[in-house]
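Given next are the chains, with one letter for each unit.
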Amino acid sequence: MWNELKGKPDEKYVRALVQSAWIPYGILSYCIHGYNLFAITRILPCVCYNFAMNKKIGIVGLGVMGSGMALNFLKHGFAVFVWNRTANAADAFAAHGATVCASPADVAKQSDVIFEVTANDESSRSVWTDADGILAAATAEKILIASATLSVTWIDELIGLC
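Residues numbered from 1 in each chain as written. Predicted model: local features only at pLDDT ≥ 70, side-chain atom pairs only at ≥ 80, totals over all residues. Heavy atoms only, no water.

**Regarding the overall build of the protein**
Here's step 1: Scanning the protein for helices and strands turns up nine helices and five strands.
Here's step 2: Order of helices (α) and strands (β) in the protein, N terminus to C terminus: α-α-α-β-α-β-α-β-α-β-α-α-β-α.
Here's step 3: Considering the protein as a whole, with its 162 residues, one finds that 45% of them fall into the buried category.
Here's step 4: When the accessible area of the protein is evaluated, it comes to approximately 8600 Å², of which 57% is carbon and sulfur surface. (Helix = DSSP H or I, 4+ residues; strand = E, 2+ residues; numbered from the N terminus. Buried < 20%, exposed > 50% of the residue type's maximum accessible area, 1.4 Å probe, protein only. Areas by Shrake-Rupley, 256 points an atom, 1.4 Å probe, with all protein chains shown as cover.)

Okay, here's the thing in structure tokens:
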């Protein structure tokens, strides 16, 4: 797979990605439950490559999983941009070096890779589609990842919106 990509990813960042149990689980879980085994062999290596090359990570939603993801990325030297419905939760990450953003759209503007880690379809729909949501600022160069327990119906709709 790596031979098909331009350049070679920095080993330090690939190692950081693999050591963070949150990330491969979320991606593999979506690939398997999203019934797209092709994604495991063709898309996952490209996503890993992009993590290695693009060091600006956005986390929208700082619950248990989002917090763990943000801290792991910060620990491994990534620039992390965060947003949470409860501002106090996001402010706590500033002390660890994260940049607190005013909205999900602001996270999307400043990040190369954006993770949405919310509780359910309703909160997910809000952070993606509201006027200040992720899709309001996402461009074709961004990598967008929904890493939450969401219905297949909502994921299919979200894919259509992207």
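Having seen the model, we can carry on.
**Examining the confidence of the model for the protein**
Here's step 1: Mean pLDDT over the protein: 76, with 67% of residues reaching 70 or higher.
Here's step 2: In the predicted structure, residues 1–44 sits below a pLDDT of 50 and forms 65 contacts with residues beyond four places in sequence or in another chain. (pLDDT = per-residue confidence, 0-100. Contact = heavy atoms within 4.5 Å.)

**A look at the packing of aromatic side chains**
Here's step 1: Scanning all chains against the criterion turns up two aromatic pairs.
Here's step 2: Ring centres of F73 and F115 lie 5.8 Å apart, and the angle between their planes is 40°; this geometry places the pair in the tilted category. Here F73, found in helix α4 (residues 64–75), pairs with F115, found in strand β4 (residues 113–116); they are 42 residues apart in sequence, far enough to count as distant.
Here's step 3: Given the relative accessible area of 2%, F73 is considered buried.
Here's step 4: An aromatic cluster is built from F73, F78 and F115, whose rings are joined through pairwise contacts. (Phe/Tyr/Trp six-rings, centres within 6.5 Å; stacked < 30°, edge-to-face > 60°.)

**Some words on the pairing of β4**
Here's step 1: Side chains of β4 alternate between two faces, with V113 and F115 and I114 and E116 buried alike.
Here's step 2: Pairing between β4 and strand β5 (residues 143–146): four bridges, direction parallel. Note that in β5 the partner of F115 across the bridge is I145. (Pairing = 2+ DSSP bridges.)

**Let's talk about the pairing of strand β1 (residues 56–60)**
Regular strands place side chains that alternate from one sheet face to the opposite one.
Here's step 1: Burial analysis of β1 places four of its five residues in the buried class, the great majority of the element.
Here's step 2: Relative to strand β2 (residues 79–83), β1 is paired through five bridges, and the arrangement is parallel. Residue pairing in the sheet places I57 in a bridge with V80 of β2.
Here's step 3: As for the winding sense of the linkage, the β-α-β connection from β1 through α4 to β2 is right-handed.
Here's step 4: In this structure, β1 lies alongside β4, joined through four bridges in parallel fashion. Looking at the pairing, G58 lines up with I114 of β4. (Right-handed = clockwise from strand over helix to strand, strands pointing away.)

**Considerations on helix α7 (residues 121–129)**
Here's step 1: Residues S123, S124, V127 and W128 constitute the buried set of α7. Mapping the buried residues of α7 onto a view down its axis gives an arc of 125°, with all of them on the same face.
Here's step 2: If you check the start of α7, you find a side-chain oxygen 3.2 Å away from the backbone N of E122, and it comes from N120. (Arc of directions from axis to C-beta. Polar contact = N/O pair within 3.5 Å; in protein donor to acceptor, adjacent residues only side chain to side chain.)

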